[in-house]
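# Results of the structural survey
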Amino acid sequence: MKRLLLIVTGSHLRAEEVDRPLAYYLRKEIERTLGTLEDAGGFQVRVVSDLRWLHDEVFQEMPTISLGGPGVNLLSHRWLEELPLSLAVEDQYFIQMDPDLGELKVSIWGMDNPKTQIAVSAFVSRFLPRFLERCLLETPDPIDLDDFE
């Protein structure tokens, strides 16, 4: 049984090509940061597609980071109007999340892939430790990952 943090990328071909590798980089940064926090055992980070996230209701209860723009990621598109902007560099990149972390949802995207990479770096340096600390406190009960293979 594991507690999950999900990174969601688009299932669009362009997203698979450029956002999915970036999601695996972000997963490594999350795992590295989790290694520095107390009580981080039993936490697993998974990369899933937007379609998978949208169709598995149990995933929608998990802390989630959506990666990639609303044009290639259905979840980023859904959250475009829902999540407040925490950081916006006009016409370059955006990090959307509740600044109080009442909801453990984040959308990270840029106007193109190089700008999305910058947005991921900004998220890692400015928001990730606080986000993960909140995830450790608020994450729903563990689930059996074998149910989702």
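### Points about the packing of helix α1 (residues 13-34) against helix α5 (residues 128-138)
The N-to-C vectors of α1 and α5 enclose an angle of 70 degrees; their axes lie 10 Å apart at closest approach. Classified by the angle their axes make, α1 and α5 are roughly perpendicular. Seen from above, α1 lies across α5 with right-handed handedness. Two secondary-structure elements touch here, α1 through Glu29, Ile30, Thr33 and Leu34 and α5 through Leu128, Pro129, Leu132 and Leu136. Here the residues of the contact of α1 with α5 are counted per class, giving six nonpolar, one polar and one charged.

### Let's talk about the side chain of glutamate 29
Inspection of the secondary structure puts glutamate 29 in helix α1. Residue classification places glutamate 29 among the buried residues on the basis of a relative accessible area of 15%. A polar side-chain atom of glutamate 29 sits 2.9 Å from a polar atom in the side chain of arginine 32. The contact partners of glutamate 29, leaving out residues within four places of it in the chain, are Val124 and Leu128.

### Overview of the packing of aromatic side chains
On inspection of all chains with the given rule, the structure shows four aromatic pairs. Considering the side-chain rings of phenylalanine 123 and phenylalanine 131, the 6.0 Å spacing of their centres and the 70 degrees angle between planes classify their relative orientation as edge-to-face. No difference in accessibility class separates phenylalanine 123 from phenylalanine 131, as the two residues are buried. An aromatic cluster is built from Phe123, Phe127 and Phe131, whose rings are joined through pairwise contacts.

### Some words on the sheet that holds strand β3 (residues 64-67)
Judged by pairing direction, the sheet is mixed, and its six strands sit side by side in the order β2-β1-β3-β6-β5-β4 without closing on themselves. In this open sheet, the two strands that pair with only one neighbour each are β2 (43-49) and β4 (85-89). Looking at each pair of strands side by side, their axes are set apart by 15 degrees on average, direction ignored. Looking at chain direction, strand β1 (residues 3-9) and β2 are connected through seven bridges and run parallel.

### Describing the nonpolar core
Most often, soluble globular proteins keep nonpolar side chains buried together rather than apart. Core analysis: the biggest nonpolar cluster contains 32 residues, and Ile30, Ile108, Phe123 and Phe131 have the highest contact counts within it. Counting only elements with at least two residues in this core, the list comes to β1, α1, β2, β3, β5 (93-97), β6 (105-110), α4 (113-126) and α5. Discounting chain neighbours no more than four positions away, the residues touching isoleucine 30 are Leu5, Ile7, Val45, Ile65, Leu128 and Leu132. Membership of the second largest hydrophobic core comes to ten residues, among which are Leu6, Val8, Leu75 and Leu83.

Definitions and limits used
Residues numbered from 1 in each chain as written. Predicted model: local features only at pLDDT ≥ 70, side-chain atom pairs only at ≥ 80, totals over all residues. Heavy atoms only, no water. Axes fitted to C-alpha atoms, helices over the stretch in contact; angles between N-to-C directions. Helix = DSSP H or I, 4+ residues; strand = E, 2+ residues; numbered from the N terminus. Parallel < 35°, antiparallel > 145°, perpendicular 65-115°, else oblique. Left-handed = near helix turned anticlockwise from the far one by under 90°. Contact = heavy atoms within 4.5 Å. Nonpolar A, V, L, I, M, F, W, Y, C, P; charged D, E, K, R; others polar. Buried < 20%, exposed > 50% of the residue type's maximum accessible area, 1.4 Å probe, protein only. Polar contact = N/O pair within 3.5 Å; in protein donor to acceptor, adjacent residues only side chain to side chain. Phe/Tyr/Trp six-rings, centres within 6.5 Å; stacked < 30°, edge-to-face > 60°. Pairing = 2+ DSSP bridges. Core = buried A, V, L, I, M, F, W, Y, C linked by side-chain atoms within 4.5 Å.

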